Structure formats: C-alpha cells, structure tokens
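Summary of the model geometry
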2 protein chains.
Amino acid sequence: MRARPTLEDVAGLAGVSTATVSRVLNEPERVSAKTRSRVEAAVAHFDYTPHFGGRALASNRTNTVGAVIPTMENAIFARGLQALQEALAEDGVTLVVATSNYDPEREAQQIRTLLGRGVDGFVLIGEARDPALYTMLERRGVPFVLVWSWRPDCPWPCVGFDNRAAARAMAERVFELGHRRIAMIAGVTRGNDRAAARVDGVRDALAARGLHLDESNLIESPYRLEAGADAARRLLAAAPTPWQNRPTAIVCGNDVLAAGALTAIRDLGLKAPADVSVTGFDDIDLAIVLDPSLTTVHVPHRRMGQAAARLLLRLRAREDDTTNVVFETALVERGSLAAAGK
Amino acid sequence: MRARPTLEDVAGLAGVSTATVSRVLNEPERVSAKTRSRVEAAVAHFDYTPHFGGRALASNRTNTVGAVIPTMENAIFARGLQALQEALAEDGVTLVVATSNYDPEREAQQIRTLLGRGVDGFVLIGEARDPALYTMLERRGVPFVLVWSWRPDCPWPCVGFDNRAAARAMAERVFELGHRRIAMIAGVTRGNDRAAARVDGVRDALAARGLHLDESNLIESPYRLEAGADAARRLLAAAPTPWQNRPTAIVCGNDVLAAGALTAIRDLGLKAPADVSVTGFDDIDLAIVLDPSLTTVHVPHRRMGQAAARLLLRLRAREDDTTNVVFETALVERGSLAAAGK
DNA sequence: TTTCAAAATGCAAGCGCTTAAATTCGCGTT
DNA sequence: AACGCGAATTTAAGCGCTTGCATTTTGAAA
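So, a few notes on the structure that sits alongside this text. If you're wondering where the values come from, they're calculated on a predicted model, not measured in any experiment.

Reading the values: rules and limits
- Residues numbered from 1 in each chain as written.
- Chains lettered and ligands numbered in written order.
- Predicted model: local features only at pLDDT ≥ 70, side-chain atom pairs only at ≥ 80, totals over all residues.
- Contact = placed C-beta atoms within 7 Å.
- Helix = DSSP H or I, 4+ residues; strand = E, 2+ residues; numbered from the N terminus.
- Nonpolar A, V, L, I, M, F, W, Y, C, P; charged D, E, K, R; others polar.
- Least-squares fit on C-alpha atoms with pLDDT ≥ 70 in both.
- Pairing = 2+ DSSP bridges.
- Axes fitted to C-alpha atoms, helices over the stretch in contact; angles between N-to-C directions.
- Core = buried A, V, L, I, M, F, W, Y, C linked by C-beta atoms within 7 Å.
- Buried ≥ 20, exposed ≤ 12 C-beta atoms within 10 Å, placed from the backbone.
- Parallel < 35°, antiparallel > 145°, perpendicular 65-115°, else oblique.
- Left-handed = near helix turned anticlockwise from the far one by under 90°.

**Brief notes about the interface of chain A and chain B**
The partner chain B presents 40 residues to the 39 residues of chain A that form the contact. For the side of chain A that touches chain B, the secondary-structure elements that each account for two or more residues are α4 (52–59), α5 (75–90), β2 (94–99), α6 (104–116), α11 (255–267) and α12 (286–289) of chain A. Sorting elements by how many residues they give to the side of chain A that touches chain B places α5(A) first, with six residues. Tallied by class, residues from the side of chain A that touches chain B come to 18 nonpolar, 13 polar and eight charged.

Listed below in structure tokens is the structure:
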C-alpha cells in the first residue's frame, strides 16, 4: 500500500539527507545545482508534497491568513476577497475565509477558531469590535489589517475609505439637486461602523443645511433586496402623495438596498426618478443593469483587497513602512437620481 | 515573554499527564468528571488552544476541506459556499476556498496546493477535468464530491442537477410560446461541463422540433455583464429588423449574461419582451430586480451546498450509504419571456 | 601539491500533539 | 483482609519537518 511519501523517501532516492531536501524546497539557492536537480527528480518521482502539519510544527508558520467577513453573498466582499486571495497566493500564502453574518459575537468566535487553526495573519472588516479581541491578537503577535473602513487616526493598520465623507458627499449632491424631503434606508448599524458612518455622513450634510433626518425618515434594514423593498414601501406608505410630504429622494446604505427600493417603487406604480430619486453605495455590477441605472458611490473593492494583501504581507515580514492606505471614492451619477420636481 | 502555552503547561497546572489533557480535548467522556473539570480550569487559565500543526502531525487529520470554485464573484458560488461552510462548521470542519477562474490548469494547480495544505476532503465544481486528477485523489485516499452537475451514471460522488434537461425544458417553453428564431448566448464551454450541457439541452429541444442552432445564432462568452451585452449586440446587429430574421428570443447560459443582454437591448432602443424575449439560468437575486424581471431556471444553490457538505462528511466517515443527490430545478416565468409577436 | 576559506551537506534535536500499551487506582466480592 | 477487574491514568514512541551547528567538499590561491 502506497503510504504518503515523506521527506525521508525523497532523500533516500536522491541519496542525500532530509536536511538537503528540505533546503531544496525552502531555500533552493543554498543547494548546488547538481544536487538540486537530483532532489527535484526524486520529488517528481514520488509526486511528493510536504506534509502540512509537519511543516507547521517544525517552523511554527502556516503561511495562512484568515479573513472574517460578514457574508460571501454580498458582491463587494466576494470581489475584495478574490483580489486579496490572488495577491496573497503570489507570495505562497493561502487564504481561509470565515463568515460572521454581521454578528459581532460570531465574528469573535470565528477569529478564535481561525487562531486555533494556526493562521498567522488576519484580515478583518471594519473597526468596531470588542477591545479584548484586539489585545488578544496583539498578545499573540498575530498581525492583522482592517479593511473597508478608514477614518483619521485609526489606531490599527487599515486599508479603506472614508465612508462618512462619501455618504456626506452623496447627500450634498442630492440636496443640491433640489431635494428637501430626503429619507434614508441604512444598513444595520449595530456592530457595523461602515453602516453607521454612512448614516452619520448623511446626517452631517443635512444638518449643515438645516435639515434633520428624523426617525420616520430613517429605516435600518439588513442588506437584502426584500428588506430594502420593504423599507421603501414603508417610507412611501407613510406619506403616499407629494402633498403629504412623500420623500422625493431615498438615500440607501448600499446598492442592494437601493435595488430593493427601486423594485418597490416600480411595484407601487411610481416612477424613479420622476416621482422618487434613489441612490446607492458601492457600485456593484447590479448598479448598471437596473432601470433606471443607479447613482451610487464607486468603491474600488478589488484595489482594496490587493492593498490589504500587500500591507499584511509587510506586517508579517515585520517591515516598518506599514502606513495605512486610504482610497478615494467617486460619486457616479446615473439615471436614478434627478432634480427634484416641484 | 509569554510563549504560546502547550499541552504540557496545561498538564502541569492540572497535575495530570499530557495524554489526559489530550483526551479531555478529544474524547471528554473517557475522563473522570473530577479530572476533567480540573483540566478544563487549567485550559481556561492559560487560554489554551491546541497547536494546529502538532495536532495535524500526530493525528494525520486537519479537519479541513478544500473547495475549488471558478470565482467568488459569481453569486451562485458565493451562495453555495456560504451554505457549505455553515454545514461543515457544525461538524467542526473548516472550509478553505481557492479559485480557478474557469481555467482547468489553474484548477489542477489549486487542488495540488490544497493537498499540500493537508485538506482531507474536496468539493469540486462540475465533472470535466483531467482523469489524472481523479486518480491522484483516489490514490491519496482523499474523498471528494462534485457539485453543480449531475447526469445519469456519473461515476463520482456528486450533488447537482441535470443542466441539460433544465436547459431543454427552457428551450421547449420558448418554442411553445411561438418563437422560431431562437439564439443563444452560452457560457464558455471549454472545461465547463455545465455550460456545455446547457447548450446541448437547448440543441436537444430545438432539434426535436426541426430547428437548428447554427453558428450565427450561438455565441459563447464569459459569464460577465459586458460580455453578455456584447454578444446580444452582435446577435441583433447581424439582423437588426424582424424581417431580416432578427431573433425573437435569446436564451442565455446564465442570469448574468441575460442581464447584460437586457441592458444591450434597452440601449439599442428595443423593448424586451415585446421585440426580443430573454431567458436566464440560475435565478440569482438579480433576476427579480431587472426590468423586465427575468424568466429563468431556479436552482437551489443553498440546498446543494448543504447536501454537498453532508455527503462529504459521510465520505470522510467512510460510511457507505453515499448515494448521489440530484435536485430538481424549476422554470420560473417572469416578465422577460413573452409569446412571439407575429 | 598543499592550504584554507567558503560553500555544500549531514547530523540530530526538537516542534506539540496523539495513541497504543502498560500501569495504577478504586471498589465490590469473597 | 486479600483479590480481581474494569476504569482511569501515565508512559513513551513517534508523526514529518526545520534548522543550528558540525562536518565534509570544493576550488582558487599560494
């Protein structure tokens, strides 16, 4: 019975010691060309792959980093992870992904699970989490980078963008187009600093112009289509006609909510943007296939993923020029936002 | 400086041997209640987590399964993986995901990488791959399950649905609604049995009715929005008016292509479904927010992921009742498909 | 040819855990 | 009180690999 071949098998066939084989695998330049090719032939002969556990035990490194994201079902994370993974793979690092479903407790637990699996690096989404988690990571000496959010003076290594400023800019533009009755469908803000920052940004813009986002005009809902549609229905049902103060614009916490809102508007027999304007956030593919296409905030998800990978690799290598990375966002105007009708 | 605590530290504090601590961790019922609680206290004291490498080396299991999917950016895989991961987690198994970008060579390489990382199980998408890969997996004794495709007499453990039959049913329905000039935008069929099966299914249906899907009416394109839009433009540009034999229906290989096609149709100033009907495949969220909403084939992605997890867990446990699982698909009629105008 | 760094390789001690096999313990019987 | 037996625990041998140090080889200079 063919057991899995070991270093020793390879060494035997090549007529060298296991140390040499190990070196061929890890620091080939330290082995003479002649020996190296002999060893490589033996490796090929056995179709040998090193045993992960043995390697991890002896070197105390796994070349694995863990990412804990809210959910894979949101295109933005899928896209960011894809880029992250590709960039890490170039350095021989494997990515392990776990999901928290937007639940802080579950996130903490996933981090512990991954620690148990020996990951030697983390990518985490956003900043809001139990301080104890941060101290644990630091005590263990496991490097990590926070992605997707950024604010001035963030004390941790992070790669992201200013959610608050971007949301503010969007709300300002909506105001500029003449809208005064502005509602918002936000993501769930508990344990989600990005969602909270987006609400704050909209509030900033409105407050600076003497408007207030009161309770009846702000609904938090999970990032799902039906939830967005529900929220829009509630907003519009509360004041079904323009003269009853129906909102003329709905600012949404992300594109998925906005897509849901557009569907609801259509189902109610209203027209966007003629009756109600809608804006999103993220600029996922979805945005351009909607009808009307969606005015939204473009976020460079792929580049963020790549930058996160680079920063994490530097941290692992204990390099010092590990400054945070902040990305610019861009307001993309499409059909779903128009000037307010009188 | 606090080094990572080891079994020995815990054993020392609890006043037992490392073997006992190991048992408390792995088979608690074999340890007396008294000792067990003492050990558990020591574990808590040190905040001890077992070293993954040590464990993997000694037990030769990693409790990790690997999945190699084409891309995370396709919602169907994201959704299936999410379910897969949740189901595996219940049994303490971690999922590692790698992507191939629809490239068979890259897939093979990713499989080897994961093998190197000691995964003790695989989830692979579809059936089309180098036979050598299958023999390698079998030789190594690593269980695997194929997901997303199913056909009668598939020789490997698989969990999926009959892509060909589903596509056939869709084409039949299109025909039944009076369409005779039917075009198809398919996914890239090289190395993708699902995409190929969908083309075959459409061919089956048309051939049985005396129609033929000739070259000018079949375009293969990557599963991306713009690619779908491009393809639709080409199909419609070739015969821009009804009396020039413009297709009255475009059957698409998946929903993303269909969404792209709808966008192109809109941009060309045509109306779907009045001028051209469009159908998709997968029934992702996107389908219902499109305008017109998309007639498509519903595939139970989440349930497939769960079923794959269950089957793989059984295979790992060397259980024998490991029969394949086939799911039914359902044709979902929405606005994008209508009777052919005369 | 001899000499001697530098380069290449080998030796061997672990890394932290699991698990047969051996030993000790606890306790009901006789 | 001695015995016997199953249950609980310990002993100790690895699992496959890396790596500091020791040893050997190489090849250029003398």
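Still more ground to cover, so stick around.
**Focus on the relation of the copies chain A and chain B**
If you rotate chain A by 180° and push it 0.1 Å along the axis, it lands on chain B with an RMSD of 0.2 Å. One copy is carried onto the other by what is essentially a two-fold rotation axis. In terms of C-alpha distance to the rotation axis, chain A has Gly53(A) as its closest residue, with the C-alpha 2.1 Å off the axis. When the interface residues of chain A are mapped onto chain B, 100% of them again lie at the interface, so the same face is used by both copies.

**Some details on the sheet that holds strand β1 (residues 64–69) of chain B**
In a beta sheet, neighbouring strands pair by backbone hydrogen bonds and run either parallel or antiparallel. Residue and element names in this part refer to chain B. One open sheet holds the six strands; their spatial order is β2-β1-β3-β4-β5-β11, and the pairing between them is parallel. Strand pairing shows two members of the sheet lacking a second neighbour, β2 (94–99) and β11 (325–327), which therefore form its edges. Strand-to-strand, the axes of this sheet are offset by a mean angle of 15°, without reference to chain direction. In this sheet, strand β5 (residues 158–161) lies alongside strand β4 (residues 144–147) in parallel orientation, the contact comprising two bridges. In the sheet register, Leu146 faces β5, and the bridge partner there is Cys158. Each of β1, β3 (122–125), β4, β5 and β11 is contacted by helix α13 (residues 301–316), which is oriented at about 160° to β4, the strand it contacts most.

**Re the nonpolar core**
Counting residues in hydrophobic clusters, the biggest one holds 188 residues, and the most contacted among them are Ile250(A), Ala261(A), Ala308(A), Ile250(B), Ala261(B) and Ala308(B). Ignoring anything within four residues of it in the chain, the contact list for Ala308(B) reads Leu84(B), Val123(B), Val145(B), Val147(B) and Val159(B). Counting residues in each nonpolar core, the second largest holds ten residues, with Leu7(A), Ala14(A), Val21(A) and Ala42(A) among its members.

**Focus on the packing of α5(A) against helix α13 (residues 301–316) of chain A**
Residues and elements named next belong to chain A. Running from amino to carboxyl end, α5 crosses α13 at an angle of 40°, the nearest separation of the two axes being 7 Å. Here α5 lies oblique to α13, going by the angle between them. Of the two elements, α5 crosses α13, and the hand of that crossing is right-handed. In this structure, α5 uses Ile76, Arg79, Gly80, Leu81, Gln82, Ala83, Leu84, Ala87 and Leu88 to contact α13, whose residues at the interface are His301, Arg302, Met304, Gly305, Gln306, Ala308, Ala309 and Arg310. Classifying every residue of the contact of α5 with α13 by side-chain character gives nine nonpolar, five polar and three charged.

**Looking at the packing of helix α1 (residues 7–14) of chain B against helix α2 (residues 18–26) of chain B**
Packed helices, taken two at a time, are described by the angle their axes make and the gap between the axes. Residue and element names in this part refer to chain B. Running from amino to carboxyl end, α1 crosses α2 at an angle of 100°, the nearest separation of the two axes being 8 Å. Between α1 and α2, the crossing angle belongs to the class labelled roughly perpendicular. In this structure, α1 contributes Leu7, Glu8, Val10, Ala11 and Ala14 to the contact, and α2 contributes Thr18, Thr20, Val21 and Ser22.

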